[in-house]
Amino acid sequence: MDMRMIREKLAEAGQDHLLQFWGELSEAEQAELNLQLQSMDFQELSSFFQNAMKVSGHIKEEKIDEKMEPVPREALGSVTRDRDMLKGWEEEGLLHISQNKVAVLLLAGGQGTRLGVSYPKGIYDVDLPSHKTLFQIQAERILKLERLAEERHKVKSTIPWYIMASGRTMESSKEFFAQRNYFGLKKENVVFFQQGMLPAMDFNGKLILEEKGKISMAPDGNGGLYRALGAQKIIDNMEGRGIKYIHVYCVDNILVKVADPTFIGFCVKKGGDCGAKVVEKTNPTEPVGVVCKVEGKYQVVEYSEISLATAEKRSSDGRLMFSGGNIANHFFTLSFLKDVVQIHEPQLQHHVAQKKIQHVDSQGQLIKPDKPNGIKMEKFVFDIFQFAKTFVVYEALREDEFSPLKNADSQDGKDNPTTARHALMSLHHRWVLTAGGHFVDENGTKIPAIPSSRNGPSGTVTPDLNQNLKDVTDLPIKCEISPLVSYAGEGLEKMVSGQVFHSPLVIDETGIHQLVKNGL
């Protein structure tokens, strides 16, 4: 497309300000901007903007309390309420894994900006004794689960790992995996693909220049997954491998049970085509979206969309009526995903996030605003719940399965490297106690045990123990168990039963390592 046509196209779209510095650009910069402009459908972008702003304004005006219904008991599975069902669900999940029907899909588009780093979150080291990154921990959980399925069913199995990165995380993530030999996974079973990007706009729908020759772009949200699955032939790849069930999760949860066989088995046994794993809200005002029904359809309702009175409502058992906190942890059948990609994705509306967007002003000066000056548009992965024929919800224990890494360390902070590290070490401490081991302090005095009741990879805890477990998380014993040794606490008895340990304790494939007088 020549410059005359580009200028006409921009003038028609009301975006001709994008060329205001054209004469000042080098040939290389002109070529780069030209490429950006040619890749854009300005009519589509205008439609996205108009619809997103309309929806955003509507949501702000309206509370939806009266339209909300809690998840019915028949659609709900729970670690604490269905303990007698967990083993059967786990067996069902392991069977499908052994038949090569299960894939995992990782949402890994985020950089660690709020952590104070510019590289992908998956590369972050929260300072565990092993210094394993989030990517490595998750890769090793996949490896261990493949081995558990093989032990149970006497056949080799593969869990393909699809990783959706963004333009900003793709190359560094791929390079990280390649340098580390894919953490023992086969290269052909680790499939990277890239989510889409959308330009940032001001509040009038004008595209923003972050440099004189570069339009400000941002990933299109984790709900951009569905467009990318079609555009990059990922659905075809899954179909070619015989995949039937997909576990989708976010990279920043250090406790995530990747391809959790109990969750998968529950969803399959219930006949679900779409499922969400949730954790119980800590209190009515916890700022987390809840999974519920709205006008008969499932969705995630953000905490800002409901009144305090609704948030505080309780059921007859004393639990919060709307308690299922969304943790971006989902189950889909492949047939449901295909329908979403081929039929429903164009119907999804963009959400508006007001942002402080660095830009050049009309004089070409770089401006770093101190308040929001524009919007980024994104879709959310849970936007497709509404299209499910059979939606199911699985309630897990927060202390076992959810500790997100979002912020840099700070005093009294949360969701940071320290809280993530403590959550994992507390979990592993409980595994050792459950398997019959215990810890002593530097004087040889036994550290009081926390009783718990667990069953294999499903792992469960009786409700009256929850408070004890939360107390331990505050000051954890330093204890780390490699995922290659245990996926969810299973198989540790032969190693730790009747044994006494000092902290820090590390259990990996090479054995047991603990602090002695001369160090580790």
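One structure accompanies this document, and this report is about it. Every value quoted in this text rests on a predicted model; they were computed, and no experiment measured them. (Residues numbered from 1 in each chain as written. Predicted model: local features only at pLDDT ≥ 70, side-chain atom pairs only at ≥ 80, totals over all residues. Heavy atoms only, no water.)

Over its twelve residues, helix α2 (residues 27–38) extends 16 Å from the first C-alpha to the last, a length consistent with the 16 Å expected when each residue adds 1.5 Å. The complete set of buried residues in α2 reads Gln30, Leu33, Asn34, Gln36 and Leu37. For α2, the angular spread of buried residues about the axis comes to 160 degrees, placing them on one side. What points out from α2, more than 90 degrees from its buried face, is the exposed set Ala28 and Leu35. (Helix = DSSP H or I, 4+ residues; strand = E, 2+ residues; numbered from the N terminus. Expected span 1.5 Å × (residues − 1). Buried < 20%, exposed > 50% of the residue type's maximum accessible area, 1.4 Å probe, protein only. Arc of directions from axis to C-beta.)

We now examine the side chain of serine 486. Following the sequence through the fold, serine 486 ends up in the loop between β21 (479–481) and α15 (493–496). Within the local environment of serine 486, its side chain forms a polar contact with the backbone nitrogen of glycine 489, the two atoms lying 2.8 Å apart. Serine 486 has contacts with Lys144, Trp431, Ile481 and Leu492, leaving out every residue within four places of it along the chain. (Polar contact = N/O pair within 3.5 Å; in protein donor to acceptor, adjacent residues only side chain to side chain. Contact = heavy atoms within 4.5 Å.)

Counting across every chain of the model gives 24 salt bridges. Of the charged contacts in the structure, one is a salt bridge between glutamate 401 and lysine 277, with a shortest N-O distance of 2.5 Å. With glutamate 401 in helix α12 (residues 398–401) and lysine 277 in strand β11 (residues 274–280), the pair connects residues that are 124 residues apart, well separated along the chain. One salt bridge in this structure joins arginine 398 and glutamate 286, with 3.0 Å as the shortest N-O distance. (Salt bridge = Lys/Arg side-chain N within 4 Å of Asp/Glu carboxyl O.)

What follows concerns the side chain of glutamate 286. Within the secondary structure, glutamate 286 sits in the loop between β11 and β12 (290–294). For glutamate 286, the side chain forms a polar contact with the main-chain nitrogen of threonine 282, separated by 2.8 Å. Once residues lying within four places of it in the same chain are set aside, the contact partners of glutamate 286 are Lys281, Tyr303 and Arg398.

Moving on, we get to the nonpolar core. Membership of the largest hydrophobic core comes to 48 residues, with the highest contact counts inside it found for Phe135, Trp161 and Phe177. Here this core takes seven residues from helix α5 (residues 134–153), the largest share from any one element. When residues no more than four places from it in sequence are discounted, the contact partners of tryptophan 161 are Val104, Leu106, Phe135, Gln138, Ala139, Ile142, Phe177, Leu185, Asn189, Val190, Val191 and Tyr249. Listed in part, the 43 residues of the second largest apolar core include Tyr226, Met238, Cys250 and Leu348. (Core = buried A, V, L, I, M, F, W, Y, C linked by side-chain atoms within 4.5 Å.)

Let us look at the environment of glutamate 92. Mapped onto the fold, glutamate 92 is located in helix α4 (residues 86–98). Once the C-alpha coordinates of glutamate 92 and glutamine 20 are considered, the two residues, 72 residues apart in sequence, prove to be 61 Å apart. Excluding anything up to four places from it in sequence, glutamate 92 contacts Gly265, Val268 and Lys269.

Attention now moves to the packing of aromatic side chains. Two descriptors summarise a pair of aromatic rings, namely the distance from one centre to the other and the angle between the planes of the rings. All told, the structure shown has 21 aromatic pairs when counted by the stated rule. Consider the rings of phenylalanine 177 and phenylalanine 183, whose centres lie 5.3 Å apart with planes at 80 degrees: the pair is edge-to-face. A single burial state applies to phenylalanine 177 and to phenylalanine 183, both of which are buried. Seen in terms of ring centroids, phenylalanine 380 and phenylalanine 382 are 5.3 Å apart; in terms of plane orientation they differ by 45 degrees. Their pairing is tilted. In this structure, phenylalanine 380 and phenylalanine 382 share a single accessibility class: buried. (Phe/Tyr/Trp six-rings, centres within 6.5 Å; stacked < 30°, edge-to-face > 60°.)

Below, the discussion takes up the packing of α4 against α5. Remark: α4 packs on α5, axes separated minimally by 9 Å, with the N-to-C direction vectors making an angle of 100 degrees. Here α4 is positioned roughly perpendicular relative to α5, judged by the angle of their axes. Listed contacts from α5 to Glu90, Glu91, Leu94, Leu95, Ile97 and Ser98 of α4 are Leu145, Leu148, Ala149, Arg152 and His153. (Axes fitted to C-alpha atoms, helices over the stretch in contact; angles between N-to-C directions. Parallel < 35°, antiparallel > 145°, perpendicular 65-115°, else oblique.)

Moving on: the sheet that holds strand β23 (residues 505–508). Adjacent strands of a sheet form backbone hydrogen bonds with each other and so pair up, either parallel or antiparallel. Reading across the sheet, the three strands line up as β21-β23-β24 and stay open at both edges, with mixed pairing between neighbours. A single partner strand is all that each edge strand has here, and the edge strands are β21 and β24 (511–514). Here the strands of the sheet are splayed against their neighbours by 10 degrees on average, with no regard to which way each runs. Sitting on the sheet, helix α13 (residues 417–434) touches β21 and β23, and the angle it makes with β21 is about 80 degrees. (Pairing = 2+ DSSP bridges.)

This part is about the pairing of strand β4 (residues 161–165). Burial analysis of β4 places five of its five residues in the buried class, the great majority of the element. Burial of β4 is two-sided: the residues Trp161, Ile163 and Ala165 facing one way and the residues Tyr162 and Met164 facing the other way are all buried. Relative to β4, strand β3 (residues 102–107) runs parallel, the two sharing four bridges. Bridge pairing links valine 104 to tryptophan 161 in β4.

It is worth spelling out unusual backbone geometry at this point. The omega angle of the peptide bond from serine 503 to proline 504 is 0 degrees, so this bond is cis rather than trans. Structurally, proline 504 can be placed in the loop between β22 (500–501) and β23. One non-glycine residue with positive phi stands out, namely aspartate 127, at about 75 degrees. Phi angles above zero are rare outside glycine, and lysine 154 is one such case at about 60 degrees. With respect to the helices, strands and loops of the structure, lysine 154 is situated in the loop between α5 and β4.

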